[in-house]
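Each chain is listed here by its residues.
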Amino acid sequence: MSFLRFVLAILFLVSIFGVSNAHYKLSTTFYDCTCPNVTDIVRGVMEQIQRRDVRAGAKIIRLHFHDCFVNGCDGSILLDNATGIISEKGAPPNVGAGGFDIVDEIKTALENVCPGVVSCADILALASEIGVVLAGGPSWQVPLGRRDSLTANNSGTTDIPSPFESLAVMIPQFTRKGMDLTDLVALSGAHTFGRARCRTFNQRLFNFSGSGRPDPTIDPTYLKTLQRICPQSGNGGAFANLDKSTPDEFDNYYFTNLKNHQGLLQTDQELFSTSGSDTIAIVDNYAKNQHKFFDDFVCSMIKLGNISPLTGTKGEIRTDCKRVN
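For the chain, the name recorded in an unreviewed UniProt entry is Peroxidase, with Anisodus acutangulus as its organism. Under the heading Catalytic activity (unreviewed entry), UniProt records this for the chain: "2 a phenolic donor + H2O2 = 2 a phenolic radical donor + 2 H2O". Reading the Subcellular location (unreviewed entry) entry of the UniProt record for the chain gives the comment "Secreted".

Laid out in structure tokens, this is it:
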């Protein structure tokens, strides 16, 4: 058999039986031939939305994080309830989450140009990077090529760190996903923009751990501010800025706030206020060196986006991110 015939035979077998998904890896050039304008299209939609919703980037990056921590980065968080599917949207970590409409808007724009090509999971990854850049943060080349899941995993949302966790609980939640302490602190830095509802932190304001007193790690002046925003018998759905200093900018003030005992969520302040923790030195470093934070954040975001993606022939490319094809 000639070499040419051998190659043709191999290609024929591949076309019939497919290839192992182990041969597929995410790539920054994945859509260069099939949808070369994908980044420009996503950026255009994100820019429009950002003008009317300053929280757009924060919403999307939260969806991306919550998606990847449940069965990997497969777009499962976007699915609605359906026959055989119990949506992740109704699970406690995702109640009140925003950004689903943003994903739908981006998907519509892509389907108009490159129908059936770009996955919803890739939209989350790419829009997260663009949202960070639009808020003044770092840029990076986003590895692409994820495919979308055929189901959701509502019970698996227990893998997502809640805002009430201690550092001792959070660390294994990250290590089980292949993430280390640097990833934990760097990705927590995404709280440099966006908002959180009172119900995610008001347990710190009046009766922390059943003590009848506020969390002692909160700065007293900051505590009074938060108690005005979230009174004890108030609306748990009211919002407070995750970063009190520059709430809509992606910078390192989040870490300065932690050093000043002005972290909003318990999981934020735990990074600096847990005695003897190695995370303290990382917070110190990021507070004084924004460049280092940005560099580590980029590495951690790429690492996050590589958690168990579906590739090759697994899953599908949804035409509507809310439902399977």
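So, next bit.
Asks: In this structure, what is going on with empty space enclosed by the protein? I would like to understand it.
Replies: Over the atoms, a rolled probe matching the size of one water molecule traces out where space is still vacant. Inspection of every chain in the model, using the stated rule, returns 1 cavity of 30 Å³ or more. Volume-wise, the largest cavity comes out at about 60 Å³. Grouping the constituent residues of the lining of the largest cavity by class yields 6 nonpolar, 2 polar and 1 charged.

Asks: What is the right way to look at unusual backbone geometry in this model?
Replies: The bulk of non-glycine residues show a negative phi, and the bulk of peptide bonds are trans. Phi at Asn71 takes a positive value of approximately 65°, unusual for a residue other than glycine. Within the secondary structure, Asn71 is located in the loop between helix H3 (56-68) and helix H4 (100-113). Unlike most non-glycine residues, His261 shows phi in positive territory, near 60°. In this structure, His261 sits in the loop between helix H9 (253-259) and helix H10 (266-273). Classification of His261 by relative accessible area gives partly exposed; the value is 31%.

Asks: Please clarify how the packing of H4 against helix H5 (residues 120-134) should be interpreted in this entry.
Replies: Where H4 meets H5, the closest approach of the two axes is 10 Å, and the angle between their N-to-C directions is 110°. Accordingly, the angle class assigned to the pair H4 and H5 is roughly perpendicular. The element H4 and its partner H5 pack so that their crossing is right-handed. Along its contact with H4, which presents Val103, Ile106, Lys107 and Leu110, the element H5 presents Cys120, Ile123, Leu124 and Ala127. Classifying every residue of the contact of H4 with H5 by side-chain character gives 7 nonpolar, no polar and 1 charged.

Asks: Would you mind showing me how to read the UniProt feature "site: Transition state stabilizer" (unreviewed entry) in the chain here?
Replies: Following the UniProt record, the feature "site: Transition state stabilizer" (unreviewed entry) maps to Arg62 here. Considering the arrangement of structural elements, one finds Arg62 in helix H3. For Arg62, a relative accessible area of 33% puts it in the partly exposed group. Ignoring sequence-local partners within four residues, the contact set of Arg62 consists of Pro93, Asn94, Val95, Gly96 and Ala97.

Asks: Please clarify how helix H7 (residues 181-188) should be interpreted in this entry.
Replies: Structural remark: α-helix, 3.6 residues per turn; residues separated by three or four positions point the same way. With 6 of 8 residues buried, H7 is to be regarded as a mostly interior element. Taken together, the buried positions of H7 are Asp183, Leu184, Val185, Ala186, Leu187 and Ser188. You can read the cap of H7 off the contacts: a side-chain oxygen lies 3.1 Å from the backbone nitrogen of Thr182, and it is on Asp180.

Asks: Help me understand the pattern of salt bridges in this model?
Replies: A pair can form between side chains of opposite charge whenever their charged atoms are brought close. Per the stated rule, a full pass over the model turns up 16 salt bridges. A salt bridge links Lys322 to Asp104, with the shortest nitrogen-to-oxygen separation between them at 3.5 Å. Taken together, the residues span a long stretch of sequence, with Lys322 in the segment after helix H12 (290-305) and Asp104 in helix H4 at a distance of 218 residues. Residues Lys259 and Asp284 are paired through a salt bridge, measuring 2.9 Å at the closest nitrogen-oxygen approach. Of this pair, Lys259 sits in helix H9 while Asp284 sits in helix H11 (residues 279-288), placing them 25 residues apart in sequence. Given a relative accessible area of 36%, Lys259 falls into the partly exposed group. Judged by relative accessible area, which is 25%, Asp284 ranks as partly exposed. Among the charged side chains, a salt-bridge network with shared partners connects Asp104, Asp320, Lys322 and Arg323.

Reading guide: rules and limits
Residues numbered from 1 in each chain as written. Predicted model: local features only at pLDDT ≥ 70, side-chain atom pairs only at ≥ 80, totals over all residues. Heavy atoms only, no water. UniProt positions renumbered as here; feature names shortened; annotations may be inferred. 1 Å grid on protein atoms, 1.4 Å probe; cavity = no way out; pocket = protein on both sides within 12 Å on 5 of 7 lines; lining within 4 Å. Points joined across faces, edges and corners; volume = space filled by probe spheres on them. Nonpolar A, V, L, I, M, F, W, Y, C, P; charged D, E, K, R; others polar. Helix = DSSP H or I, 4+ residues; strand = E, 2+ residues; numbered from the N terminus. Buried < 20%, exposed > 50% of the residue type's maximum accessible area, 1.4 Å probe, protein only. Axes fitted to C-alpha atoms, helices over the stretch in contact; angles between N-to-C directions. Parallel < 35°, antiparallel > 145°, perpendicular 65-115°, else oblique. Left-handed = near helix turned anticlockwise from the far one by under 90°. Contact = heavy atoms within 4.5 Å. Polar contact = N/O pair within 3.5 Å; in protein donor to acceptor, adjacent residues only side chain to side chain. Salt bridge = Lys/Arg side-chain N within 4 Å of Asp/Glu carboxyl O.

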